[in-house]
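Topology and contacts: notes
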Amino acid sequence: MKLAVEISDASDLPPKDNAATCNAFVEVDFDGQKQRTATRPADRSPQWNETLLFDVRDDPDPGRLPSIPAVEVSVLHDRRLSDHNAVRPSAFLGRVRLTGDSFAPSPDEAVVQRYPLEKRGLFSRVSGDIALRLYLLDERGGGRDRADGAAAAAAAANSSSAAPTMMNNVDQDQRRADPAAASMDPERVVRNAFTAAPSEAARTPAAESMGKSNHEPRVFRSIPASSSEPLRATLHAMAAPPPPPGQTVIMPRPAGPPPAQPPGSAYGLVETRPPLPAKMGPRSSAAKIASTYDMVEPMTYLYVTVVKARDLPTMDITGSLDPYVEVKLGNFKGVTRHLEKNSNPVWRQTFAFSGAHLQSSQLEVIVKDKDVLRDDFVGRVVFDMSDIPSRLPPDSPLAPQWYRLADAHGNKMQHGGHHGYGEIMLAVWLGTQADEAFPEAWHSDAHSLSQEGLTNTRSKVYYSPKLIYLKFSVIAAQDLIPAEKGRPLAATIAKIQMGNQIRRTRPQSGTANPVWSEEFMFVASEPFEDPLVVTVEERVAAGRDEPIGRLIIPVNSPYVPRNDLAKSVPSKWFSLSRGMTMEEAAADVTSSIKNRESSKTFASKIHLKMSLETAYHVLDESTHYSSDLQPAAKKLRKSAIGILEVGILSARGLGGNKNPYCVAKYGSKWVRTRTLLFTEAPQWNEQYTWEVFDLSTVITVAVFDNANLHHGHGHEPSKDQRIGKVRVRLATLETDRVYTHYYPLMALTPSGLKKTGELHLAVRFTCTAWANMLVQYGRPLLPKMHYTNPISVLQLDYLRFQAMQMVATRLGRAEPPLRREVVEYMLDVDSHMFSLRRSKANFYRITSLFSGAVAVGKWFDGICKWKNPLTTILVHVLFLILVCYPELILPTVFLYLFMIGVWNYRRRPRKPPHMDTVLSHAELAHPDELDEEFDTFPTSKPSDVVRMRYDRLRSVAGRVQTVVGDLAMQGERAQSLLSWRDPRATAIFITLSLVVAIVLYVTPFQVVAVVAGLYLLRHPRFRSKQPSVPFNFYKRLPAKGDMLL
């Protein structure tokens, strides 16, 4: 006799380990026999569809089923999938204990039943239910044969045309053979989980609105399903041989698409263990590499430096020589530039051949003469690869040597023996990517590129320009004269311009001595190239402004003073020049001040105050993931607290042959790796270091596809394509630990979210000043000036945009340039634009914050309703203790917080945080929402699409408006308690207040607290289902909603 336990599915399982999902599996214990199902990762409503078979040691009489031992079905969470270092491999999710009377005597009489999961202990957190089907199997045939044949027949049901008819016939036979089904004990019966889902045409709109789920709605009934519902079909087929005891039988899945993966399952971190010197320890040979390169895997390179040549023979009839050098290693070669008519050329070029390309036993350095039809051979030097020396930093660079050139046969003298083939100075050695020659070398995979294309492949370090806020105050003007004589002075405005930044004051009309008293902020970058141009204009007509005076001020000392200590700067009067255009004003900056004052000044003056506010930090990126928070003034900056080391190891799965390179930014330092050509799995192995001044900062690493390798001069440069981006917050890193993970790279496009590959990084933070690091947690995030003289939010957004544009412009002038699209992607220039997807994500973030309070409220409601009498009694005891000894309240609260922190320590996150697709609401976003997010500003969509989106926004705003109105109504009701808006309600309230005051005066506080607490925790028998009296009284108070139009 066998016992079969069919495990269909579970639903609404509780999340575990601070995640939104759980990794569920089922463990069944029957009479000392234990079996388990497969694990379903990241799924709170998993499906198993598995059957577990157990031996029944004593064959029971069908009439004495209760004598069979009970079955315990436990649902557990597998911690090893999310935490390899978990102390306990599993966590409890719930269990079901079933006695023998719950087993069906045969498969024909068994139905799928759903059981609620029960707690194991007092403090277990359990929710959800599980669908099971339990029945007995007779090994001698009968029900066993039918059960074995059911699995085989169900697998062939999809391909057989007679299957529907057979199923219907079997269903009828089942119903005729089971007349006692209607008289069964009341049980919760659901639809068979193994039955095929209904067709798409039969799905109702209500079912569509329940989400993209493969589960049918769970139907709970008190009697078995009616005959109209399909029961589990048992097909009579040839009996298969019974499996050995304890074997797991996998039930066939119903026809239909496979279940979709849960959101976010394909975008997680993958921990790796690469052979890095920092992880292998000092005993390994790889650890002998320089300490600055212990976060990457050592890569072997053959370096060949071609310095110069001398005494080269002439090869042309004209007696001239146009030499160049060809460095050849197997099928790879590098070529220097050719120099015209030069017998003693100087090249100073270095070639690097990757260790993967060292497939030849000889290295040839050949000197050739550039010719029109065919290049002539001059001479060569051959090196045996086994004789080439090795070099590792911090050794000094290898000294180049002179080598005599030989012909193709190895002869070093020309025919006649009087003249040789000349000499060439070379340096050849084996090194790694830590060599000083690595960044500027011509690499073997890029030798076919032009000089400009090769420049775009090299690794470089960039620094952002030093940005400073310039505060400019326009106070007043005197003796202004209109642009045309004989006409009264119109409204006047002051326009201030510095580069592309233009600000205007409000117009002041009808006076020659206007007073503006307005303050503006600009972003200036050192060295200061753009002057300040102040123009006073007269608004003679709508859209027409006539200049009546102009002032040019260079942005440097002594014209614009620096304000490092946030002191008050004195204002000054300046004379206005007249009759100058903008071009003349710009040229007038370099002219002498004496000539300018003698020729172009008049009586009008303007009162200004300006200063370079170096006590501020100029924000050029979002404050949510800023990488630098230091003030602009060096004297106000704090010392470094540590070092951040990042090894950019490799990438994989980039899709197709790309030309990938990485850009990393932290603080003002930008780094760019070299570009690897035509690969989807690049190996960079480059390491970079930054000084850390604040732990509450973020480093950003992005991968791009280089599209400017084959463009020469005169071609319009193409935009480098984004592949993906990674952010790492330093505060989440443990000190001195090396984190090596594959980070998912994602691209959010109007068509949806797409995984574009994975980036392999090694990250380590090393603290050099523990005391300063701990003190940082008590200091403000931004410099002091941001709090004593704050900048408005609107002005700060404008300044941030201007700072981003200045950084992009300055880095785009480097060689090779960091292009504007790269800088804007790294700085998230468009992050301030409206996105319905981000709005939903932020809303869910807010709701998750209140989930803890809601959970506490539900728990307290359960205490008040005596759902668990033992817990309620314990709460009563604790409440009475705290009332009798109130001095224990605060120590108890803080001790509880301490215990929670200690308890959570072993479950602390072991991986750095990364971009969460579920939190970002990226996978489930509607295509129209993404299309709106990527729309230009102003919009470029047709009017009907804009109208539809506007109507949708109005609908959402209407709901927000209703919620805000309800909040305002509650506050207005509280105000009306004492305002005599409702005279009777106010009279009742103040009378009750007087009574309560008298009672509290004469009654000890502990008595009041005990009475109030016991009343709040009273038994449900003493509770009314209607709202309480205070609640009803408050709801009846008047508000101002009826006064709105």
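Predicted, not measured: the structure shown is a model, and the values here were computed from it.

**Structural notes on the overall build of the protein**
When helices and strands are tallied, the protein shows 20 helices and 36 strands. Split into buried and exposed, the 1045 residues of the protein put 41% on the buried side. For the protein, the exposed surface amounts to about 57100 Å²; the carbon and sulfur share of it is 57%.

**Details of the pairing of strand β15 (residues 362-369)**
Within β15, 6 of the 8 residues are buried, which leaves the element mostly enclosed by the surrounding structure. In the sheet, strand β12 (residues 323-329) pairs with β15 via 6 bridges, with the strands oriented antiparallel. Of the residues in β15, the one forming a bridge with Val327 is Val365.

**Regarding the packing of aromatic side chains**
A ring pair, where both rings are aromatic, is described by two values, the distance of the centres and the angle of the planes. On inspection of all chains with the given rule, the structure shows 10 aromatic pairs. With 5.8 Å between their ring centres and 70° between their planes, Tyr469 and Tyr616 make a pair best called edge-to-face. Pair noted here: Tyr469 is in strand β21 (residues 467-478) and Tyr616 is in the loop between β28 (605-613) and β29 (642-652), with a separation of 147 residues, a long-range link. For the pair Tyr469 and Tyr616, one class covers both residues: buried. Its end group placed over the ring of Trp690, Lys669 keeps NZ or CZ at 5.5 Å from the ring centre. In this structure, Arg1018 is placed above the aromatic ring of Tyr1015, and the distance from its NZ or CZ to the ring centre is 4.1 Å.

**Here's the deal with the sheet that holds strand β24 (residues 515-525)**
To summarise the sheet geometry, strands pair through backbone hydrogen bonds and adopt either a parallel or an antiparallel arrangement. As summarised here, the arrangement of the 4 strands in space is β24-β21-β28-β27, forming an open sheet in which the pairing is antiparallel. The open sheet has two edge strands, β24 and β27 (572-575), and neither has a second partner. Taken pair by pair, the neighbouring strands of this sheet meet at an average axis angle of 30°, ignoring direction. Bridge count between β27 and β28: 4 bridges; the pairing is antiparallel. Bridging from a neighbouring strand, Trp573 pairs with His607 of β28.

**Let's talk about the environment of Val461**
Within the fold, Val461 resides in strand β20 (residues 460-463). Considering only alpha carbons, one finds Val461 and Lys669, 208 residues apart in sequence, at a separation of 7.2 Å. Excluding anything up to four places from it in sequence, Val461 contacts Lys669, Trp670, Val671 and Tyr688.

**Here we look at helix α14 (residues 869-884)**
Here α14 is 16 residues long and its end C-alpha atoms lie 23 Å apart, about the 22 Å a rise of 1.5 Å per residue gives. Looking only at α14, the buried set comprises Thr871, Thr872, Val875, His876 and Val883. Along the long axis of α14, the arc covered by the buried residues comes to 145°, so they all point the same way. Buried residues along α14 sit in contact with α13 (851-864) and α19 (1005-1016).

**Focus: the pattern of salt bridges**
Any two side chains of opposite charge can pair if their charged atoms end up close together. All chains considered together, the criterion is met by 47 salt bridges. Note that Glu50 and Arg40 form a salt bridge whose closest N and O atoms lie 3.8 Å from each other. Placement of Glu50 in strand β4 (residues 47-55) and of Arg40 in the loop between β3 (33-36) and β4 is noted, with a sequence separation of 10 residues between them. A residue is classified by how much of its surface remains accessible, and Glu50, at 5% relative accessible area, is buried. In this structure, the salt-bridge partner of Lys665 is Glu621, at a minimum N-O distance of 3.3 Å. One end of the pair, Lys665, is in strand β30 (residues 660-666); the other, Glu621, is in the loop between β28 and β29, with 44 residues separating them in the sequence. With a relative accessible area of 2%, Lys665 lands in the buried category.

**A look at the sheet that holds strand β17 (residues 401-404)**
Ordered by their spatial adjacency, 5 strands build an open sheet running β17-β18-β11-β14-β19, and the pairing between neighbours is mixed. Because the sheet does not close on itself, it has two edges, and the strands there are β17 and β19 (442-443). Here 9 bridges tie strand β11 (residues 301-310) to strand β18 (residues 423-431), and the two strands are oriented antiparallel to one another. Bridged to Tyr301 within β18 is Gly431.

**A closer look at the nonpolar core**
Formed by 34 residues in total, the largest nonpolar core has its most connected members in Leu644, Trp684, Trp690, Ile699, Leu759 and Leu761. Among the elements that line this core, the one with the most residues is strand β36 (residues 752-767), at 5 residues.

**Some remarks on a nonpolar patch on the surface**
The grouping of Ile889, Leu890, Val893, Phe894, Tyr896, Leu897 and Ile900 at the surface amounts to a nonpolar patch, some 700 Å² of accessible area in total. With respect to the secondary-structure elements, Ile889 resides in helix α15 (residues 889-905). Exposure remark for Ile889: the relative accessible area of 37% places this residue in the partly exposed category.

**Here we look at empty space enclosed by the protein**
The full count for this structure, using the stated rule, is 3 cavities of 30 Å³ or more. As for the largest cavity, its lining consists of Glu621, Ser622, Tyr625, Thr700, Lys725, Arg727, Met826, Leu827 and Asp828. For the lining of the largest cavity, the elements supplying multiple residues, two or more each, are β34 (721-729) and α11 (820-827). Taken together, the residues that form the lining of the largest cavity break down as 3 nonpolar, 2 polar and 4 charged. Taken as a whole, the second largest cavity spans an internal volume of roughly 40 Å³. In terms of residue count, helix α17 (residues 943-975) provides more of the lining of the second largest cavity than any other element does, 4 residues in total. When the residues that make up the lining of the second largest cavity are grouped by side-chain class, the tally is 4 nonpolar, no polar and 3 charged.

**Quick look at the packing of α14 against α19**
In the contact formed by α14 and α19, the axes pass within 10 Å of each other and the chain directions differ by 165°. Considering the angle they form, α14 stands roughly antiparallel to α19. Classified by chirality, the crossing of α19 by α14 is right-handed. For the pair formed by α14 and α19, the contact residues are His876, Phe879, Leu880, Val883 and Cys884 on the first element and Gln1006, Ala1009, Val1010, Gly1013 and Leu1014 on the second. Residue classes in the contact of α14 with α19 are distributed as 7 nonpolar, 3 polar and no charged.

**Things to note about the pairing of β12**
With 6 of its 7 residues buried, β12 lies for the most part within the structure. Across 4 bridges, the pairing between β12 and strand β13 (residues 332-335) is antiparallel. If you follow Val327 over to β13, its bridge partner there is Gly334. Between β12 and β13, which follow one another and run antiparallel, lie 2 residues, and Gly330 among them has a positive phi close to 65°.

**As for the confidence of the model for the protein**
For the protein, per-residue confidence averages 81 on the pLDDT scale, and 81% of positions sit at 70 or higher. Here residues 142-243 is a poorly scored stretch, pLDDT under 50, and it has 107 contacts once near neighbours within four places are set aside; other chains count. In the model, residues 589-601 has pLDDT below 50 throughout and makes 12 contacts with residues more than four positions away in sequence or in other chains.

**Some remarks on unusual backbone geometry**
Here the bond from Glu526 into Pro527 is cis, since omega is -5°, no more than 30 degrees from zero. Within the secondary structure, Pro527 sits in the loop between β24 and β25 (532-541). Along the chain, Glu815 connects to Pro816 via a cis peptide bond; the corresponding omega equals -5°. Looking at where Pro816 falls in the secondary structure, it is placed in the loop between α10 (793-811) and α11. The phi dihedral of Asp12 falls on the positive side, at around 55°, and the residue is not glycine. Position of Asp12 relative to the elements: it lies in the loop between β1 (2-11) and β2 (24-30). The phi torsion at Trp866 lies on the positive side, around 55°, for a residue other than glycine. The residue Trp866 is located in the loop between α13 and α14 in this model.

**Some remarks on the environment of Tyr777**
Mapped onto the elements, Tyr777 comes out in the loop between α8 (770-776) and α9 (785-788). When the C-alpha positions of Tyr777 and Leu695 are compared, they lie 8.8 Å apart, and in sequence the two are 82 residues distant.

**A closer look at the side chain of Thr756**
Residue placement: Thr756 occurs in strand β36. Separated by 2.4 Å, the side chain of Thr756 and the backbone oxygen of Ile723 make a polar contact. Setting aside its immediate chain neighbours within four residues, Thr756 contacts Gly653, Leu654, Ile723, Gly724, Leu745, Met746 and Ala747.

**Some words on the environment of Asp369**
By the element assignment, Asp369 lies in strand β15. Each C-alpha atom of the pair Asp369 and Glu340 lies 9.4 Å from the other, and the pair is 29 residues apart in sequence.

The rules we used
Residue indices begin from 1 for each chain and proceed along its sequence in written order. Side-chain atom pairs in this predicted model are given and counted only at pLDDT of 80 or more, local residue features only at pLDDT of at least 70, and totals for whole chains, interfaces and linings cover all residues. Side-chain figures throughout are based on the complete set of non-hydrogen atoms in the structure, without hydrogens or water. Secondary structure elements are taken from DSSP: a helix is a run of H or I of four residues or more, a strand is a run of E of two residues or more, and numbering for both begins at the N terminus. Partly exposed describes any residue whose relative accessible area lies between the buried limit of under 20% and the exposed limit of over 50%, with all areas from a 1.4 Å probe on protein chains only and scaled to the type maximum. Note on areas: these come from Shrake-Rupley sampling with a 1.4 Å probe, and a residue is covered only by the protein chains present in the view. Strands are labelled as partners when DSSP assigns at least two bridges between them. Each Phe, Tyr or Trp ring (for Trp, its six-membered ring) is paired with any other whose centre lies within 6.5 Å, and the angle between the two planes then decides the class: stacked below 30 degrees, edge-to-face above 60, tilted in between. Charge-over-ring contacts are defined here by two conditions on Lys NZ or Arg CZ: a distance within 6 Å of the ring centre and an angle within 35 degrees of the ring normal. Lines fitted to C-alpha atoms define the axes here, with helix axes fitted over just the stretch in contact, and angles between the N-to-C directions of these axes take values from 0 to 180 degrees. We call two residues in contact when some of their heavy atoms are within 4.5 Å. Helix span, as expected, comes to 1.5 Å for every residue beyond the first. To be clear, the arc concerns the directions from the helix axis to the C-beta atoms. Definition used for salt bridges: Asp or Glu carboxyl oxygen within 4 Å of a side-chain nitrogen of Lys or Arg. In this text, buried Ala, Val, Leu, Ile, Met, Phe, Trp, Tyr and Cys residues form a nonpolar core when linked through side-chain atoms within 4.5 Å. Patch membership requires more than 30% relative accessible area and the absence of a salt bridge. Residues of like charge join within 9 Å; the nonpolar side chains Val, Leu, Ile, Met, Phe, Trp and Tyr join within 5 Å. Every definition here rests on a 1 Å grid over the protein atoms only: cavities are sets of points where a 1.4 Å probe fits but cannot get out, pockets are open sets enclosed by protein on both sides within 12 Å along at least five of seven lines, and lining residues have some atom within 4 Å of a point. Grid points are joined across faces, edges and corners, and a volume is the space filled by probe spheres set on the points. Each residue gets one label: Ala, Val, Leu, Ile, Met, Phe, Trp, Tyr, Cys and Pro are nonpolar, Asp, Glu, Lys and Arg are charged, and the others, such as Gly, are polar. When an angle is under 35 degrees it counts as roughly parallel; over 145 it counts as roughly antiparallel; between 65 and 115 it counts as roughly perpendicular; any other value is oblique. Two helices cross in a left-handed way if the nearer one is turned anticlockwise from the farther one by less than a right angle. They cross in a right-handed way if the turn is clockwise. Scored from 0 to 100, pLDDT reflects the predictor's confidence in each residue. Counted as a polar contact is a pair of N or O atoms within 3.5 Å, where, for protein atoms, one must be capable of donating a hydrogen and the other of accepting one, and residues adjacent in sequence contribute only when both atoms are in side chains.

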